[in-house]
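# Structural overview for review
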Amino acid sequence: DVKVTQSSRYLVKRTGEKVFLECVQDMDHENMFWYRQDPGLGLRLIYFSYDVKMKEKGDIPEGYSVSREKKERFSLILESASTNQTSMYLCASRQTLGNQPQHFGDGTRLSIL
Amino acid sequence: GQQVMQIPQYQHVQEGEDFTTYCNSSTTLSNIQWYKQRPGGHPVFLIQLVKSGEVKKQKRLTFQFGEAKKNSSLHITATQTTDVGTYFCAAYSGAGSYQLTFGKGTKLSVIP
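Description of the structure in this document.

Reading guide: rules and limits
Residues numbered from 1 in each chain as written. Chains lettered and ligands numbered in written order. Predicted model: local features only at pLDDT ≥ 70, side-chain atom pairs only at ≥ 80, totals over all residues. Heavy atoms only, no water. Helix = DSSP H or I, 4+ residues; strand = E, 2+ residues; numbered from the N terminus. Buried < 20%, exposed > 50% of the residue type's maximum accessible area, 1.4 Å probe, protein only. Contact = heavy atoms within 4.5 Å. Areas by Shrake-Rupley, 256 points an atom, 1.4 Å probe, with all protein chains shown as cover. Lys, Arg positive; Asp, Glu negative; His and termini not counted. Charge placed at Lys NZ, Arg CZ, Asp CG, Glu CD. Pairing = 2+ DSSP bridges. Axes fitted to C-alpha atoms, helices over the stretch in contact; angles between N-to-C directions. Buried area = accessible area lost by both parts, 1.4 Å probe. Salt bridge = Lys/Arg side-chain N within 4 Å of Asp/Glu carboxyl O. Polar contact = N/O pair within 3.5 Å; in protein donor to acceptor, adjacent residues only side chain to side chain. Disulfide = S-S within 2.5 Å.

Here the focus is the overall build of chain A. Broken down by element type, chain A carries 0 helices and 11 strands. In terms of its C-alpha atoms, chain A occupies a principal-axis envelope of roughly 40 × 30 × 25 Å. The buried share among the 113 residues of chain A stands at 48%. Contacts in chain A between residues at least 24 apart in sequence constitute 56% of all its contacts with a sequence separation of at least 6. Approximately 5500 Å² of chain A is accessible, and the part contributed by carbon and sulfur atoms is 49%. Across chain A, the mean location of the 16 positive side-chain charges is 5 Å away from that of the 15 negative side-chain charges.

Pasting the structure below:
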């Protein structure tokens, strides 16, 4: 089974802090994704990476950046956290070939105070 | 960009009743995927439909893909409390696309 592991289940940070969310997958998947999930808004794509060192903006990239230095690890960075970034963050991965399903981590519930 | 509309947003049913959620797109979809998210959990892939008019079953769940490949439905027969959760449809914008667009989900509550 694919295992996607997010470093923290819950995280509390302060406004203005630089925040790192880490995600690791163990299935050698080329593609990795970061979403945020908010009530009534569903899952919204922040950034994705189709291979090592490659990244593409999703639908809501403002205020975020990402890093993919190794194939198994995809990091989401909040450069200067703001209260409107309080949310559930979900990482996912998948194989490139075909329209493969995405495999999700358990999520990080981030609160910005 | 591509949009996938999903209705209803919420559904409350008595245990044993049937449940259906619908997904619609204004554009032709190359395929459609369905995911289930249990309360406190993460989305888990259920199934993918690719062919026009395709129907697939998983026990009490029936998935359909429209003839025009612009709509899809998930029907649950005789709901159980284990069916509780949010059901999402999702579609890639085309073959070879990386970005999966999710519907906003239907949250199912089952009253025992």
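Residues and elements named next belong to chain B. Taking strand neighbours across the sheet as the criterion, the 5 strands line up as E1-E3-E8-E7-E6 in an open arrangement whose pairing is antiparallel. Both outer strands of the open sheet, strand E1 (4–7) and strand E6 (55–58), are each paired with one neighbouring strand and no more. Each strand axis lies, on average, 15° off the axis of its neighbour in the sheet, ignoring direction. By the bridge criterion, 6 bridges tie strand E3 (residues 19–25) to strand E8 (residues 71–76) in an arrangement that is antiparallel. Paired with Tyr22 across the strands is Ser73, a residue of E8.

So, on to the interface of chain B and chain A. The interface is formed by 22 residues belonging to chain B together with 23 residues belonging to chain A. When the two sides are added together, the surface that chain B and chain A hide from each other amounts to roughly 1800 Å², 52% of it contributed by carbon and sulfur. For the chain B face of the interface with chain A, the top three residues by lost area are His42(B), Tyr98(B) and Gln99(B), together amounting to 35%. Taken together, the links from chain B to chain A amount to 0 salt bridges. For the pair chain B and chain A, the interface holds 8 residue pairs in polar contact (both at pLDDT 80 or more). Mapped onto the side of chain B that touches chain A, the elements with two or more residues apiece are strand E4 (32–37), strand E5 (44–49), strand E9 (85–92) and strand E10 (100–102) of chain B.

Let's shift gears to the state of the cysteines. This model, assessed by the stated rule, comprises 2 disulfides over all chains. Residue Cys23(A) pairs covalently with Cys91(A) via a disulfide, S to S 1.9 Å. On the sign convention where negative is left-handed, the bridge of Cys23(A) and Cys91(A), at about -80° about the S-S bond, is left-handed. You can see Cys23(A) sitting in strand E3 (residues 19–25) and its partner Cys91(A) sitting in strand E9 (residues 87–94), a full 68 residues away along the chain. Summarising the burial analysis for this pair, Cys23(A) and Cys91(A) share the class buried. The disulfide bridge from Cys23(B) ends at Cys89(B), spanning 1.7 Å between sulfur atoms. Disulfide Cys23(B)-Cys89(B): the torsion about the S-S bond is 55°, which places it as right-handed. With Cys23(B) in strand E3 and Cys89(B) in strand E9, the pair connects residues that are 66 residues apart, well separated along the chain.

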